[in-house]
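Each chain, letter by letter, is given below.
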Amino acid sequence: MLVRKANHMYLRLAMGLTKQYLRYVASAVFGVIGSQKSNIAFVTIRSGEKGRYVAVGACEHVFIWDVRKAEKVLILEGKKHEVTYLCPSPDGVHIAVGYEDGGVRIFSLLNGESNISFNGHKSAVTVIKYDALGARLVTGSRDTDVIVWDIINESGLYRLKGHKDAITQVLFLENKNLLITSSKDSFVKWWDLGTQHCFKTMVGHRSEVWGMVVLNQENRLLTGSADSELRAWDIEYIEEGKAAGEPHEKKVKSLLEDEEEEEEGPDEDSEERIVSCQKAGSILRESRDRIVSLVTDAKAKVVACHGLEATLEVFTVFSEEEIQKKMDRKLKKAKKKARSQEGGETEPEPIVERKLTDEIQKLASIKASAKIRSMDCLLSPNGEMKIALLLQNNTVETFTIMTTEKNPTGTKTSRLTLSGHRTDVRTLAFSSDNIAILSASGETVKVWNRSTLQVIRTIECEYALCSLFVPGDRQIILGTKSGKIQIFDLASASLLETTDAHEGALWSMCLSPDQRGIVTGGADKTVKFWDFELIKDQDSGNNKRLTVNHMRTLQLDEDVLCVRYSPDQRLLAVSLLDCTVKIFYTDTLKFFLSLYGHKLPVLCLDISHDSTLIATGSADRNVKIWGLDFGDCHRSMFAHDDSVMFLQFVPKTHLFFTAGKDRKIKQWDADKFEHIQTLEGHHREVWCLAISPSGDYIVTSSHDKSLRLWDRTREPIILEEEREMEREAEFEESLAKGDEPVVPGETKGEAEHAGKKSVETVKAAERIMESIELYREESKQLEEHRLACEAAGKKLPPPRINPILMAFGNISPSRYVLEVIKKVRSSELEVSLLVLPFHYVPDLLQLFNSYVKQGLEVELVCRCLFFLLRVHFGQITSNQMLLTAIDELRTNTISKVREIKDVLGFNSAGLQFLQREIESKEDVMFFADATGRFEQTKRKRKKRERAVLTLT
């Protein structure tokens, strides 16, 4: 009781201080199964069954679905940018997620947490790949750059520049430490990761290269372009040993000749020094449009691809032994045919030519229920192939296909559809008890439980444009695009009645305040009034069912876009296609007021609870607030950057929310004409919103297929602070968009540093600068104190300790600088140091020397030291004051690094010894266990034999 009273007092105090402004926060995202911008990938959770779980991007989150149970088992929560690419690690423990802003985060699939994040791209990440060990990660982006990241060190290795358009695929060639990248600029580039340069560019494609895979143990490249061909290329690695066997004079001569050739001009053969790539042929696909996904399994035995349509094509890749058997059979047939035709004459032995179709052969075609957005496949050792498809209508389907059969067919094993709509949700409604949420789209109407976000009912319907719960919450009414009124019963999930209401689209519907009927407005220029009635249901005997009875019609001159009753049921507001809002008396339908001033049609309107204000939202991006007594415009506000799609007052207040095509939901005060807060989260146009009768919850729907729930908190909003936070966010955004820092003396080439200037790196650099300033001040104070003690000839009381150092446990100023550097994220360390002005570098070098002497964080200190020396090499070498510090650093770092290497070598040798010991013990135990089992099965067999003998 006391707690409740305290809560009421807090609420009253908050409302009094902030003029009843309380913050709404994002609560949940639901209704989306898989976003269209991301791909789908098979994942393994807690060493579970392979092929059971799939990961898909869902707006800014990643959902892990159990396709067998059709349940969401894990949510990897993002921040605010949409997910664009997913790539599980080779060990299956982690998953790398790329985002719209160019960031990459690595999540653990065990607990759903993200400890590693990289930020190097300027725009959306389009492709991610791990190397075989899972130690390196390569990412490609729409900004045309490819970046290689070191996952263990959590830092960027280098950025590879050369493509002129978005990157579409990247592949590691582990044998030779090479990287292949494809782009929409129609080129495929080969990179040597040892020297970080492009040594070969393939120009054999006439249009964008959308996908590629490596086959035959990295000896065959298959590429997909904008046409119906899959082009195959033979990869031949040119061995370095050929040149190694030559005498020294020949090597020098060849090098001199190469230099002369380079002076004369580039030669075509210069690209063929590491690898040779020749076209081997092409395979035709059924689909005539471009490749969207081109995927292989882990062993590259099967290739699957699809275009923009609903057909998936599966090809099998034969091994060398299978190809040889096939060629032998062909040769045998050719010989037999030659013998039958020769008629006793001796002819030369026939030659059978090896074709690409002998190596890669079409296996099957799978037809999905809608257009395919992305796919992934998994091949079991028994030949069963599992395929997961993300479709463009917010659906996930899985298929299995037996690759060992002669003419296999795909079998659909599961389909995830229940948790979302196939098309955009165009109307939302809350039940009177705030518990149920109604959402209706072009094909179904769903009722959700607000607290659990689970679907309670799914009923097929026509294309819905407006909806409401009938008083009592047992039935729902929909207005459709074809002009019909559909009444559904929630208990039986059945359609009770369909009534032809309008000849055109039924755009708007409103429940009368006395709850006895509804009013509808349509594109046939009429407003119709309907009363609820209970009639006998002929199908179920004496039971009664709900129906609507047409009472009156109001004929107008233009199409009706929106209708609303005033809460006192005295007036009816109707928005028309001629950009005006007409107000009529409800009882007589006489004209009362005309509200004109919008330049484009009014798409939404609402009337306040006391029937004194009406707010209108238009396609001209403005919201106007009018008085209902005289029809005067109180204020016109520029509300959104695009059309205002929906508007609704919070019950029993003069606050209202608007939803716009600019992806934002905004709250406004109709008395003070102030913008209170903006709710950001949707990634596409927001179509509609619904506020619960209590005003505590808001649900919104968008073109990104998601429904979002927003909760009202008890946190008060202070408008001045809100505006200040908005200005700070704008400033930080402009700060991050500034010019990239330049390393003196470095020319821009194919390889650059991987980092990117961001708000975090600027803040980290500021923290380092502040710590160095504090170190200088404290050092100066200590020096002054020492001199004062010497002058006084006695020990004086020590100076006051800085409160920041006290907060860190009374550490020394030099140790505080190290703590600040340690807290900088590993992937942002280099860029943060790059931003530092040079006059801080001498202090850092002296500090690094003291850290190395004490053996504090030697690896981190060496990393920072080597980077600063490379960046400020010219200024450091020309400064005589730093000569002694550099010399000390040289000797100290070499000795300390040697010590660490010795410790690591000893530990490594010890671990290897322990591994051998454990392996030898396990082998003994394994064989002992096997012997025991063999004896047990032997005894069982003897028992069975005895039992058979006794029976006979």
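- Where an unreviewed UniProt entry is consulted, the chain appears under the name WD repeat-containing protein 3, with the organism given as Triplophysa tibetana.
- Regarding the chain, the UniProt comment filed under Subunit (unreviewed entry) reads as follows: "Part of the small subunit (SSU) processome, composed of more than 70 proteins and the RNA chaperone small nucleolar RNA (snoRNA) U3."

## Observations concerning the sheet that holds strand E48 (residues 622-627)
Part 1: Here we have four strands laid out as an open sheet, ordered E46-E47-E48-E49, and antiparallel in their pairing. Each having just a single partner strand, strand E46 (602-607) and strand E49 (633-638) make up the two edges of the open sheet. Taken over all neighbouring pairs, the strand axes of this sheet differ in orientation by 15° on average, direction set aside.
Part 2: Pairing of E48 with E49 involves five bridges; the strand directions are antiparallel. Looking at the pairing, Trp 626 lines up with Cys 633 of E49.

## Structural notes on the UniProt feature "repeat: WD" (unreviewed entry) in the chain
Part 1: Per the UniProt record, "repeat: WD" (unreviewed entry) is found at residues 118-159, 160-201, 202-236, 418-458, 499-533, 595-636, 637-678 and 679-711.
Part 2: When the span residues 499-533 is considered, its composition is 0% helix and 63% strand, and the gap between its end C-alpha atoms is 13 Å.
Part 3: Secondary structure across residues 679-711 divides into 0% helix and 58% strand, with the first and last C-alpha atoms of the span separated by 11 Å.

## With respect to the pattern of salt bridges
Part 1: Taken as a whole, this structure holds 37 salt bridges when the rule is applied.
Part 2: Among the ionic pairs, Glu 313 bridges to Lys 362, the shortest N-O distance being 3.4 Å. In this pair, Glu 313 sits in strand E24 (residues 311-317) while Lys 362 sits in strand E25 (residues 360-367), placing the two residues 49 residues apart along the sequence.
Part 3: The shortest N-O distance in the salt bridge between Glu 724 and Arg 727 comes to 2.9 Å.

## Here's the deal with the nonpolar core
Part 1: Grouped together as the largest cluster of nonpolar side chains are 38 residues, with contacts concentrated most on Ile 768, Val 817, Ile 821, Leu 833, Leu 844, Phe 848 and Tyr 851.
Part 2: When contributions to this core are tallied by element, the ones reaching two or more residues are helix H6 (759-792), helix H8 (813-823), helix H9 (829-835), helix H10 (841-854) and helix H11 (858-871).
Part 3: For this core, the domains that each give at least three residues are domain 5 (757-836) and domain 6 (838-951).
Part 4: Not counting chain neighbours up to four residues away, the residues in contact with Leu 833 comprise Ile 768, Cys 864, Phe 867 and Leu 868.
Part 5: Residues Val 104, Ile 106, Ile 128 and Cys 198 belong to the second largest nonpolar core, which totals 28 residues.

## Digging into the side chain of Thr 580
Part 1: Locating Thr 580 in the fold gives a position in the loop between strand E43 (571-576) and strand E44 (581-585).
Part 2: Looking at Thr 580, the relative accessible area reads 10%, which means it is buried.

## So, the environment of Leu 390
Part 1: As for its position among the elements, Leu 390 is in strand E27 (residues 384-391).
Part 2: Taking C-alpha positions, Leu 390 is 6.2 Å from Ile 40, a pair spaced 350 residues apart along the chain.
Part 3: Leaving out residues up to four positions away in the same chain, Leu 390 has contacts with Gly 34, Ser 35, Ser 38, Asn 39, Ile 40, Val 56, Ile 372, Arg 373, Ser 374, Thr 395 and Val 396.

## A word on the packing of H10 against H11
Part 1: Look at H10 against H11: their axes get within 10 Å of each other, and the N-to-C directions meet at 150°. The interaxial crossing formed by H10 with H11 has left-handed handedness. Taking contact as the criterion, the partners of Val 841, Leu 844, Leu 845, Phe 848, Tyr 851 and Val 852 in H10 are, on H11, Val 861, Cys 864, Leu 865 and Leu 868.
Part 2: In terms of residue class, the contact of H10 with H11 is made up of ten nonpolar, no polar and no charged.

## Topic: the packing of H6 against H8
Part 1: The contact between H6 and H8 brings their axes to 9 Å, and the two run at 175°. By the criterion of interaxial angle, the relationship of H6 to H8 is roughly antiparallel. Contact residues: Arg 767, Ile 768, Ser 771, Ile 772, Leu 774, Tyr 775 and Glu 778 in H6; Pro 813, Ser 814, Tyr 816, Val 817, Val 820 and Ile 821 in H8.
Part 2: Residue classes in the contact of H6 with H8 are distributed as nine nonpolar, two polar and two charged.

## So, the confidence of the model for the chain
For any part of a model where pLDDT is low, the fine detail of the predicted coordinates should not be relied upon.
Part 1: Per-residue pLDDT for the chain has a mean of 85; in total, 89% of the residues score no lower than 70.
Part 2: Taken as a whole, residues 243-270 scores under 50 in pLDDT and shows six contacts with residues more than four places along the chain or in a different chain.

Analysis parameters
- Residues numbered from 1 in each chain as written.
- Predicted model: local features only at pLDDT ≥ 70, side-chain atom pairs only at ≥ 80, totals over all residues.
- Heavy atoms only, no water.
- UniProt positions renumbered as here; feature names shortened; annotations may be inferred.
- Pairing = 2+ DSSP bridges.
- Helix = DSSP H or I, 4+ residues; strand = E, 2+ residues; numbered from the N terminus.
- Axes fitted to C-alpha atoms, helices over the stretch in contact; angles between N-to-C directions.
- Salt bridge = Lys/Arg side-chain N within 4 Å of Asp/Glu carboxyl O.
- Core = buried A, V, L, I, M, F, W, Y, C linked by side-chain atoms within 4.5 Å.
- Buried < 20%, exposed > 50% of the residue type's maximum accessible area, 1.4 Å probe, protein only.
- Domains from an automatic or database assignment.
- Contact = heavy atoms within 4.5 Å.
- Left-handed = near helix turned anticlockwise from the far one by under 90°.
- Nonpolar A, V, L, I, M, F, W, Y, C, P; charged D, E, K, R; others polar.
- Parallel < 35°, antiparallel > 145°, perpendicular 65-115°, else oblique.
- pLDDT = per-residue confidence, 0-100.

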